[in-house]
Amino acid sequence: MAKSTKTTKRSWAEPYKIKMVELLKMTTREEREKMIREAGYNTFLLRSKDVYIDLLTDSGTSAMSDQQWAGMMLGDEAYAGSENFYHLEETIQNYYGYKYVIPCHQGRGAENIISKILIKPGDIIPGNMYFTTTRLHQELAGGTFVDVIVDEAHDPVNLHPFKGNVDLQKLTDVIKRYGAEKIPYVCIATSVNMAGGQPISMENLKAVRKLTKKHGIRIIHDMTRVAENAWFIKMREKGYANKTTAQIVKEICSYTDGATMSAKKDALVNIGGFLAINEHDIYEEASNMVVVYEGLHTYGGMAGRDMEAMAIGIKESVSDNHIRARIGQVEYLGHKLIDAGVPIVQPIGGHGIFLDAKKFLPHIPQTAFPAQTLAAEIYVDSGVRSMERGIVSAGRNKVTGDHYYPELELVRLTIPRRVYTQAHMDVISESIEEVFLNRKKIKGLKMIYEPKYLRFFQAKFTKLK
Ligand code: F0G
């Protein structure tokens, strides 16, 4: 019999099955109108019980595996020297290759410690785009963040495959202008959150390593979403197709001197983080400082059971099957929206879909908060909760007191890991298409309450007439 030459389509599917479910509450449009008004048109101020599909963040919202839950039962809740700490330390050393580990309650705990240790007033910290908490800790320590990401990252339609790359000329200019002694480290994020979950290439990272080495400058890696970045390298960069995600993750880390990690994302836990560092002096200071801000250096603000779940989560997070399905789901939603003509940041990022609010609502000026407005409208339409990533998140310039006016005015639909199904993705897409059809009727917002720090979390708004 002749062999068939027909090739059939082979879909990816979730590499797990469901053992327990959490029931969702449905609300009416009238109820949601009331709820968002009471929340000051800020999706952070909604109660989660009033949310149908929660895409506020991928942070701390993952579904843990049965193995992780089993690990929770192995919690060694000793104040000092918990067995789970040693398991976590060994896992970080094995999978990421860093020498010393300081556990922290979450990413910003690690950011606080490393900023306090390395930054002196007047210092400059170049980075591939800011992240809200990271930049704030740098500023609180007396430093100034300088953006050295490639220009393509600020352009939502540019299809550059590595929009997380550093512009080497910009970095060279910053070093020339301020001098290497004013730069305690370059902050390199993998899967750049504020650019839309865009990766940095290995080639670019290696070039940054070469340049910083020449000037004796460290690289501190924000490795919150390192496995997602590694998957894009595997898919897009020459020479990596046959490497595993785990191998690529370890190679990325090898070009950096230390890392801050919010384990609430890639590492599949609901709480936790760490600071990792290769220099012994910094480790010593950090293990002293962690006692002041987080907890003893063998728990850093976490319960033993949380450290155990994290150790298991790290292992699961670098599995190719896991990452293929994770990114596959995000891409499924992204392609549906692109097909419907909805303006989104492209290429589709790793942890979510980012709607381009400037294009979605071109009649609303940035000072009337188009992305904040759009997030509120989507909630009213369907109970889907998203988040503003635009002028509200960008905050104010600490010198002039004026808003920062970011190029990117985005609404982030962040997909929690292993939580929602493809049918949920369909419902989300249909709701956004509906809001898009009626976009001309949407009016902007006015800010009526503005907190001093990280204002996007708690700011309140009212509707413009
Ligand atoms: N770095 C990046 C790139 C992040 O995305 C986050 C958190 C942090 C650091 C801080 O970590 O929350 O554990 O203290 N991002 C969340 C988000 C809040 O929704 O994007 P944390």
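Residues numbered from 1 in each chain as written. Predicted model: local features only at pLDDT ≥ 70, side-chain atom pairs only at ≥ 80, totals over all residues. Heavy atoms only, no water.

A few points about the site of the ligand
For step 1, the next point in the chain: Around the ligand sit 17 residues, and of these Thr-57, Arg-108, Asp-222, Ser-262 and Lys-265 come closest.
For step 2, the next point in the chain: Separating an oxygen atom of the ligand from a side-chain N or O atom of Arg-108 is a distance of 2.7 Å.
For step 3, the next point in the chain: Here a nitrogen atom of the ligand and a side-chain polar atom of Lys-265 are 2.9 Å apart.
For step 4, the next point in the chain: Protein contacts shield 95% of the accessible area of the ligand, which totals 470 Å² for the unbound molecule.
For step 5, the next point in the chain: When residues of the shell around the ligand are assigned to their parent elements, the largest contribution, 3 residues, is made by helix α4 (residues 107-118).
For step 6, the next point in the chain: Its residues placed into classes, the shell around the ligand shows 2 nonpolar, 8 polar and 7 charged. (Near = heavy atom within 4 Å. Polar contact = N/O pair within 3.5 Å; in protein donor to acceptor, adjacent residues only side chain to side chain. Areas by Shrake-Rupley, 256 points an atom, 1.4 Å probe, with all protein chains shown as cover. Helix = DSSP H or I, 4+ residues; strand = E, 2+ residues; numbered from the N terminus. Nonpolar A, V, L, I, M, F, W, Y, C, P; charged D, E, K, R; others polar.)

A look at the pattern of salt bridges
For step 1, the next point in the chain: In total, this model carries 26 salt bridges according to the counting rule given.
For step 2, the next point in the chain: Its salt-bridge partner being Asp-320, residue Lys-234 comes within 4.0 Å of it at the nearest N-O pair. Of this pair, Lys-234 sits in helix α8 (residues 226-236) while Asp-320 sits in helix α12 (residues 320-339), placing them 86 residues apart in sequence. For the pair shown, Lys-234 and Asp-320 are each scored as buried.
For step 3, the next point in the chain: A salt bridge links Arg-418 to Glu-316, with the nearest nitrogen and oxygen atoms 3.0 Å apart. (Salt bridge = Lys/Arg side-chain N within 4 Å of Asp/Glu carboxyl O. Buried < 20%, exposed > 50% of the residue type's maximum accessible area, 1.4 Å probe, protein only.)

Brief notes about the side chain of His-424
For step 1, the next point in the chain: By secondary structure assignment, the location of His-424 is in helix α16 (residues 422-437).
For step 2, the next point in the chain: Under the relative-accessibility criterion, His-424 is labelled buried at 17%.
For step 3, the next point in the chain: Residues contacting His-424, with those up to four places away along its chain left out, are Leu-24 and Ile-53. (Contact = heavy atoms within 4.5 Å.)

Side note on the nonpolar core
For step 1, the next point in the chain: One finds Tyr-96, Met-223, Phe-274 and Met-310 to be the most contacted residues of the largest nonpolar core, which totals 57 residues.
For step 2, the next point in the chain: Element by element, the count of residues in this core is highest for α8, at 6 residues.
For step 3, the next point in the chain: Met-310 has contacts with Leu-88, Ala-263, Ala-267, Val-269, Gly-272, Gly-273, Phe-274 and Met-302, leaving out every residue within four places of it along the chain.
For step 4, the next point in the chain: Listed in part, the 31 residues of the second largest apolar core include Leu-55, Leu-337, Ala-375 and Val-435. (Core = buried A, V, L, I, M, F, W, Y, C linked by side-chain atoms within 4.5 Å.)

Observations concerning the sheet that holds strand β9 (residues 352-356)
For step 1, the next point in the chain: Spatial strand order, β9-β12-β11: 3 strands in an open sheet with antiparallel pairing. Two strands bound the open sheet, and with one partner strand each, they are β9 and β11 (387-389). Averaged over all pairs of adjacent strands, the angle between strand axes in this sheet comes to 35 degrees, irrespective of strand direction.
For step 2, the next point in the chain: In terms of strand pairing, β11 meets strand β12 (residues 410-414) through 3 bridges, oriented antiparallel. For Arg-389, the partnering residue across the bridge sits in β12 and is Leu-410. (Pairing = 2+ DSSP bridges. Axes fitted to C-alpha atoms, helices over the stretch in contact; angles between N-to-C directions.)

Quick notes on the environment of Trp-69
For step 1, the next point in the chain: Position of Trp-69 relative to the elements: it lies in helix α2 (residues 66-72).
For step 2, the next point in the chain: For the pair Trp-69 and Ile-312, spaced 243 residues apart in sequence, the C-alpha separation works out to 9.6 Å.

Focus: the layout of surface pockets
For step 1, the next point in the chain: Space inside the largest pocket adds up to approximately 1500 Å³.
For step 2, the next point in the chain: Together, 35 residues line the largest pocket, and Met-20, Glu-22, Ala-63, Arg-418 and Val-419 are the ones closest to its centre.
For step 3, the next point in the chain: Elements that contribute at least two residues to the lining of the largest pocket include exactly α2 and α12. (1 Å grid on protein atoms, 1.4 Å probe; cavity = no way out; pocket = protein on both sides within 12 Å on 5 of 7 lines; lining within 4 Å. Points joined across faces, edges and corners; volume = space filled by probe spheres on them.)

Focus on the domain arrangement of the chain
For step 1, the next point in the chain: Each domain of the chain was delimited in the assignment, giving domain 1 (29-51 + 320-463) and domain 2 (76-317).
For step 2, the next point in the chain: Computed over C-alpha atoms only, the centres of domain 1 and domain 2 are separated by 26 Å.
For step 3, the next point in the chain: In this complex, domain 1 contributes 33 residues to the contact, which on the side of domain 2 involves 42 residues.
For step 4, the next point in the chain: For the domain 1 and domain 2 pair, buried surface summed over both sides reaches about 2900 Å², with 58% attributable to carbon and sulfur atoms.
For step 5, the next point in the chain: In this structure, the connection of domain 1 to domain 2 is made through 5 salt bridges. (Domains from an automatic or database assignment. Buried area = accessible area lost by both parts, 1.4 Å probe.)

Digging into helix α5 (residues 132-140)
For step 1, the next point in the chain: Of all 9 residues making up α5, 7 are buried, and the element is well covered by its neighbours.
For step 2, the next point in the chain: Here α5 has its buried residues at Thr-132, Thr-133, Thr-134, Arg-135, Leu-136, His-137 and Gln-138.
For step 3, the next point in the chain: Count one or two residues on from α5 and you reach Gly-142, which has phi positive near 100 degrees.

Side note on the packing of aromatic side chains
For step 1, the next point in the chain: Per the counting criterion, the structure on display carries 9 aromatic pairs.
For step 2, the next point in the chain: Residues Tyr-100 and Tyr-283 carry aromatic rings whose centres are separated by 4.7 Å and whose planes lie at 15 degrees to one another, so their mutual orientation is stacked. With Tyr-100 in strand β2 (residues 100-104) and Tyr-283 in helix α10 (residues 280-293), this residue pair connects regions lying 183 residues apart in the sequence.
For step 3, the next point in the chain: The exposure class of Tyr-283 is buried, given its relative accessible area of 18%.
For step 4, the next point in the chain: Ring plane angle 40 degrees and centroid distance 4.2 Å describe the contact between Phe-456 and Phe-457, whose orientation is recorded as tilted.
For step 5, the next point in the chain: Pairwise contacts between aromatic rings join Phe-44, Phe-456 and Phe-457 into one cluster.
For step 6, the next point in the chain: Arg-135 extends its terminal NZ or CZ atom over the ring of Tyr-130, reaching a point 4.0 Å from the ring centre. (Phe/Tyr/Trp six-rings, centres within 6.5 Å; stacked < 30°, edge-to-face > 60°. Lys NZ or Arg CZ within 6 Å of the ring centre and 35° of its normal.)

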